[in-house]
Amino acid sequence: MEMDNLGEGEDSHMLNGSVPESLNTDRVTLDDGYEAEEQVGQEQVGFLQHVSSQKTQFTDFDGKTSFGMSVFNLSNAIMGSGILGLAFAMSNTGIILFIILLILIALLSTYSIHLLLKCSGVVGMRAYEQLGHRAFGQPGKILAALIITIHNVGAMSSYLYIIKNELPLVIQAFLGLHEPTEDWYLNGKVLIIIVTIFIILPLALMKHLGYLGYTSGFSLGCMVFFLCAVIYKKTVISCPLKVNHTEHVVYTNGYNTTGDGCTAKFFTINSQTAYSIPIIAFAFVCHPEVLPIYTELRRASKKRMQNVANISILAMFVMYLMTALFGYLTFYGEVDSDMLHTYNKVDPLDTLVLCVRLAVLVAVTLTVPVVLFPIRRAIQQLLCPGQDFRWWRHILIAVCLLTVVNLLVIFIPNIKDIFGVIGSTSAPSLIFILPSIFYLRIVPREKEPLSSCPKIMASLFASAGFVFMITSLSLMIVDWVTIGRSNMGGH
């Protein structure tokens, strides 16, 4: 059976509920070749209607987003603020170890998307929350929605933090001011509210995710410009760095600028290496956006969407590798966790660097609406499943989400540890654990028994996610205890 119109749109994966009560079960053959008996419930009504009428009840439109626009949207979802920390990760792992880790995470992310798409094809659902419901009932649905919400709220907050910290500096530099003033247009808290109201909110009110393909393409163009600038700066910045001592420079690595630090390392292990792995893993988290993009893909099929994912991950792999490599070979051990700050050590008023910072600001601003869509989808699945699309609800959820994220960014001075906990739990859950356990539960045992190779691989994949989560949290706790003891000793 063709699966082109089984998708569930962001705006209305709402069911009409018109299936007769006498219809309790049906046996259908799905696009993966599985014959599955579907129980008619709130989650399955639209699917059975499609089986009987070949006309989707999940959405009021056929998928209209082109293959290229879908690649832009998914690439934009993958591309985030994590790219700014990849050079720092390379400096704490070495070039060879970093490349190995980057390849490994990219392949694991691709495999994870394969599991999601296969689960979606088996049950005819294209919502993360519905897969959770199909696998574990209401608890599974709530868990999936909660993890997506936590992770994407954290991602949105990190993007707005970049705007809050970087936009005042960019405006100050373009105005030629050497010292910050108390004017409102240099107040980061005011600026993020303005950007949210006039840029982010209108884009977040788009009815369909596919409409953001153009802004996603422009956002990716900004990041390509960032990459080109990083490559160019490698040719003009000499090592050791000539630091502008009039600026307050924070050396996050604890290194001093000496000629000895200008040698590339291929393998290195230090106290920061354990934090480099989550940085790389977080850079490929795009799983909450996969199914919404799948929904709106023109001529949607599992193979076609997998090709979208493969191209997007490959493109981001190349960008990540080039950015990390040239950033590291520019600053070596001096690179900060935010590479933009590292360029300030050389010349805070450099015109090219200012343009790059502006490009990064544009990129993260245009990414926020893409990240918001899966959260709104999850909330609608929890609070009002099976209801028709309503503009007032669509707008209200977006306004409430952006208000909460703005309050977090404005009133919480440092949420590094909170982001660390969220990242150590939600990222492995979205990449490793949830796709694997959904696959184990959803794919029929008569077709793939637990002893089959695909099921064994999925089990190992889920186990790796739990190991990753426990290890990351343990290292963070050890780091907190160590820092606490150091602070006590200092007094």
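1. What to know about the packing of helix α8 (residues 213-236) against helix α11 (residues 302-331)
Interaxial distance between α8 and α11 falls to 9 Å at its minimum, and their mutual angle equals 30°. In terms of axis orientation, α8 runs roughly parallel to α11. By crossing handedness, the relation of α8 to α11 is classed as left-handed. Between α8 and α11, the contacting residues are L220, M223, V224, F226, L227, V230, I231, K233 and K234 on the first element and M316, M319, M322, T323, F326, G327, L329 and T330 on the second. Here the contact of α8 with α11 is composed, by residue class, of 12 nonpolar, 3 polar and 2 charged.

2. Things to note about the nonpolar core
Note on soluble globular proteins: their nonpolar side chains tend to be buried together. Of all hydrophobic cores here, the largest spans 125 residues; its most connected members are F226 and Y320. Of the residues forming this core, the biggest block, 15 residues, is contributed by helix α13 (residues 351-383). Apart from the residues lying within four places of it in its own chain, the contact partners of F226 are I83, L84, T323, M339, L340, V356 and V360.

3. Re the packing of aromatic side chains
A complete count under the given rule lists 10 aromatic pairs for this structure. Taking 5.0 Å as the distance between ring centres and 90° as the angle between the ring planes, the aromatic pair formed by Y111 and F461 counts as edge-to-face. Residue Y111 is located in helix α4 (residues 95-123), and its partner F461 is located in helix α16 (residues 453-490); the two are separated by 350 residues in the primary sequence. Judged by centre distance (4.9 Å) and plane angle (75°), the ring pair of F331 and Y343 falls under edge-to-face. In this pair, F331 is assigned in helix α11 and Y343 in helix α12 (residues 339-344), connecting sequence segments 12 residues apart. Here F331 matches Y343 in class, with each residue buried.

4. Topic: α4
For an α-helix, the turn length of 3.6 residues means that residues three or four places apart are oriented alike. Between the first and last C-alpha of α4 there are 43 Å, a value that for 29 residues agrees with the 42 Å anticipated at 1.5 Å per step. G124 lies just past α4 and shows a positive phi near 75°.

5. Overview of the environment of R445
With respect to the helices, strands and loops of the structure, R445 is situated in the loop between α15 (416-442) and α16. Separated by 10 residues in the primary sequence, R445 and K455 place their C-alpha atoms 9.3 Å from one another.

6. Re a nonpolar patch on the surface
On the surface, a cluster of nonpolar side chains totalling about 600 Å² of accessible area is made up of W184, I193, I194, I197, F198 and I199. What makes I194 partly exposed here is its relative accessible area of 32%.

7. Remarks on the pattern of salt bridges
As enumerated under the stated definition, the model contains 3 salt bridges in all. Among the ionic pairs, E448 bridges to K118, the shortest N-O distance being 3.1 Å. Of the two residues, E448 is situated in the loop between α15 and α16 and K118 in helix α4; the sequence distance between them amounts to 330 residues. There is no split in this pair, since E448 and K118 are both buried. Among the salt bridges present, the one from E166 reaches R357, with a minimum N-O distance of 2.5 Å. Placement of E166 in helix α6 (residues 138-174) and of R357 in helix α13 is noted, with a sequence separation of 191 residues between them. In this structure E166 comes out as buried when scored by relative accessible area, which is 2%.

8. Focus on the confidence of the model for the chain
Per-residue confidence for the chain averages 77 on the pLDDT scale, and 77% of its residues sit at or above 70. This model gives residues 486-491 a pLDDT under 50, and the stretch forms 0 contacts once residues within four places in sequence are excluded.

9. With respect to unusual backbone geometry
One non-glycine residue, R299, lies in positive phi territory at about 50°. For R299, the position within the fold is in the loop between α10 (287-296) and α11. Classification of R299 by relative accessible area gives exposed; the value is 52%. Look at Y332: it is not a glycine, yet its phi comes out positive at around 50°. Overall, Y332 belongs to the buried group, its relative accessible area being 12%.

10. Things to note about helix α5 (residues 128-136)
Of all the positions in α5, only Y128, E129, Q130, L131, G132 and A135 are classed as buried. In the segment just after α5, G137 is the residue with positive phi, at about 75°.

Basis of the calculations
- Residues numbered from 1 in each chain as written.
- Predicted model: local features only at pLDDT ≥ 70, side-chain atom pairs only at ≥ 80, totals over all residues.
- Heavy atoms only, no water.
- Axes fitted to C-alpha atoms, helices over the stretch in contact; angles between N-to-C directions.
- Helix = DSSP H or I, 4+ residues; strand = E, 2+ residues; numbered from the N terminus.
- Parallel < 35°, antiparallel > 145°, perpendicular 65-115°, else oblique.
- Left-handed = near helix turned anticlockwise from the far one by under 90°.
- Contact = heavy atoms within 4.5 Å.
- Nonpolar A, V, L, I, M, F, W, Y, C, P; charged D, E, K, R; others polar.
- Core = buried A, V, L, I, M, F, W, Y, C linked by side-chain atoms within 4.5 Å.
- Buried < 20%, exposed > 50% of the residue type's maximum accessible area, 1.4 Å probe, protein only.
- Phe/Tyr/Trp six-rings, centres within 6.5 Å; stacked < 30°, edge-to-face > 60°.
- Expected span 1.5 Å × (residues − 1).
- Patch = residues over 30% accessible without salt bridge, like charges linked within 9 Å, V, L, I, M, F, W, Y side chains within 5 Å.
- Areas by Shrake-Rupley, 256 points an atom, 1.4 Å probe, with all protein chains shown as cover.
- Salt bridge = Lys/Arg side-chain N within 4 Å of Asp/Glu carboxyl O.
- pLDDT = per-residue confidence, 0-100.

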